[in-house]
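# Fold and contact review
These are the residues of each chain, in order.
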Amino acid sequence: MSVSIVVGAQWGDEGKGKIIDVLSENASAVLRYQGGANAGHTVYIGEQKYVLHLIPSGILRPDVVCFIGDGVVLDPIAYQEELDVLHKAGIRTEGRLWVSPRTHIILPYHKRLDMCAEKRKGKKKIGTTGRGIGPAYMDKYSRMGLRAIDLLNEPIRRERILQNLEMKNFLLTSYYEETPLDPEDILQQAAACADILKPYVRETIPDLAEMNAKGRHLLIEGAQGAMLDIDYGSYPYVTSSHPVAGGTFTGSGLGVYSGGDMRLLGVAKAYLTRVGNGPFPTELDDETGRMLRDRGNEYGATTGRPRRCGWLDLVALKYSCLVNGLTHLAITKLDVLDGFDTLNVAVAYQYKGRRLDFFPADLQAQEEVTPVYKSFKGWQKDTSTCREYDDLPDAARAYLAYIAEFLGIPVHIVSTGQRRDQIIFV
Ligand code: IMP
């Protein structure tokens, strides 16, 4: 089997959806291994825009099978909403979309607790998507969660939910000073969630083993990005899962895949964005930042929030290459940089009079570093019509060549627009 793992190499929103959509043309299956409906993968097919939050982007290719792996936290209500959109667009999901029985479930109380925790943190809030991600992973790791298979088992579902609600209601009323949840109401909602998921829950591990035996191509789709990883990201301003490529080993059911071909593709924007709070050394709170936001249409695909924008940060990206073990890079949204006179790229940081070449673990340092920039000449040509690497202006090729050299890995794909055909394979 050949496996391509496609992960976000920055703070999410790198344009993974489009890259996965393009690559899935040659894949038998696409698998999601972490996160939940906090993701927003935007794919354009012609003029039609699809935003997928939970279901792998491969669903848009009729012959591709999609798996939701064990490391995901799945909100059945968000899942149903997404199914409705797909079905309305004539996209079939029956018999080609499978949810692992071990996938943990997000119930309405997780979303409520997510909001309460954020409200309580006040100014120090993380700026979550409010999709219940953190509370669902908390339940999973404190061994209180419900997996898809538990949701489908009525007595287990009932017992686990009632047990959970004892603690959740204590938290809601005594700590957050909110109204409690009604157990009967939650049990009813959970029963409806079970009905939604029932046709889709099936062991995914034997399917993956069969694909392996038949030498098929599997594409693994990451959500968010390495800088939001619970272990490697800008903690505590992170998500609660493992967006790094290592997360696939526990979140997919594939194990430590060592047979055959494996490619680890990191997706990075030609500049940088972040939604939510937390450090962002190269953030531009000025006209240039606003230009990047307008030209790049930088608004969250899940929450609609304006994204914070800044220059490409190669210190953070180099760190991301290391913690992911990337073998190849995809650079997206290069066209957004068309027309700038000068482009800056962070190649180091200054902190307390010292030069830092490695992304620091210390939150205070992450917040207080000053980037050391290398400047590049911009280009005045429209790159969105370029289809070959050699069509790109010299200055754009110099920019890309520097990125590859700095990171020590090749740029394999360059995306220059939202459409499927606006792509260059290097
Ligand atoms: P959560 O994943 O909703 O708990 O949010 C935690 C942090 O991750 C917040 O800063 C969110 O804005 C950020 N985040 C979560 N999902 C995405 C994503 O798909 N793209 C970009 N940022 C994300």
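Residues numbered from 1 in each chain as written. Predicted model: local features only at pLDDT ≥ 70, side-chain atom pairs only at ≥ 80, totals over all residues. Heavy atoms only, no water.

## Comments concerning the site of the ligand
Close contacts around the ligand come from 18 residues, with Asp-13, Asn-38, Thr-129, Thr-239 and Arg-305 the closest. A distance of 3.0 Å separates a nitrogen atom of the ligand from a polar atom in the side chain of Asp-13. In the model, an oxygen atom of the ligand is placed 2.6 Å from a nitrogen or oxygen of the Thr-129 side chain. In isolation the ligand exposes 470 Å². Once the protein is present, 97% of that is buried. Residues that form the shell around the ligand fall into these classes: seven nonpolar, nine polar and two charged. A domain-level breakdown of the shell around the ligand finds at least three residues from each of domain 1 (1-97 + 201-426) and domain 2 (104-197). (Near = heavy atom within 4 Å. Polar contact = N/O pair within 3.5 Å; in protein donor to acceptor, adjacent residues only side chain to side chain. Areas by Shrake-Rupley, 256 points an atom, 1.4 Å probe, with all protein chains shown as cover. Nonpolar A, V, L, I, M, F, W, Y, C, P; charged D, E, K, R; others polar. Domains from an automatic or database assignment.)

## Some details on the environment of Pro-101
By secondary structure assignment, the location of Pro-101 is in the loop between β7 (97-99) and β8 (104-105). Overall, the relative accessible area of 8% leaves Pro-101 in the buried class. Considering only alpha carbons, one finds Pro-101 and Val-201, 100 residues apart in sequence, at a separation of 5.7 Å. When neighbours within four sequence positions are excluded, Pro-101 is seen to be in contact with Arg-147, Ala-148, Ile-149, Val-201, Arg-202 and Glu-203. (Helix = DSSP H or I, 4+ residues; strand = E, 2+ residues; numbered from the N terminus. Buried < 20%, exposed > 50% of the residue type's maximum accessible area, 1.4 Å probe, protein only. Contact = heavy atoms within 4.5 Å.)

## A short note on the domain arrangement of the chain
When its domains are assigned, the chain resolves into domain 1 (1-97 + 201-426) and domain 2 (104-197). Around 2,100 Å² of area is buried between domain 1 and domain 2 when both sides are counted, 61% of it from carbon and sulfur atoms. On the domain 1 side of the interface with domain 2, the three residues burying the most area are Val-73, Pro-76 and Val-201, jointly 28% of the side's total. Viewed at the interface, domain 2 and domain 1 are joined by one salt bridge. The residue Lys-111 makes a salt bridge to Asp-75 at a minimum N-O spacing of 2.8 Å. Where domain 1 touches domain 2, the interface holds eleven residue pairs in polar contact (both at pLDDT 80 or more). Mapped by element, the contributors of at least two residues to the side of domain 1 that touches domain 2 are β6 (73-74) and α2 (76-88). A class-by-class count of the residues in the side of domain 1 that touches domain 2 yields eleven nonpolar, 13 polar and three charged. (Buried area = accessible area lost by both parts, 1.4 Å probe. Salt bridge = Lys/Arg side-chain N within 4 Å of Asp/Glu carboxyl O.)

## Section: the pairing of strand β4 (residues 48-52)
Relative to β4, strand β3 (residues 41-45) runs antiparallel, the two sharing five bridges. When the bridges of β4 are listed, Tyr-44 appears paired with Lys-49. Two successive antiparallel strands, β3 and β4, enclose a turn made up of two residues, where Gly-46 displays a positive phi of approximately 60 degrees. (Pairing = 2+ DSSP bridges.)

## Topic: the pattern of salt bridges
Within the structure shown, the criterion is met by 24 salt bridges. Note that Asp-70 and Arg-102 form a salt bridge whose closest N and O atoms lie 3.7 Å from each other. Note that Asp-70 is positioned in the loop between β5 (65-68) and β6 and Arg-102 in the loop between β7 and β8, a separation of 32 residues in sequence. Note that Asp-150 and Arg-147 form a salt bridge whose closest N and O atoms lie 3.1 Å from each other. Here Arg-147 falls in the partly exposed class, since its relative accessible area comes to 30%.

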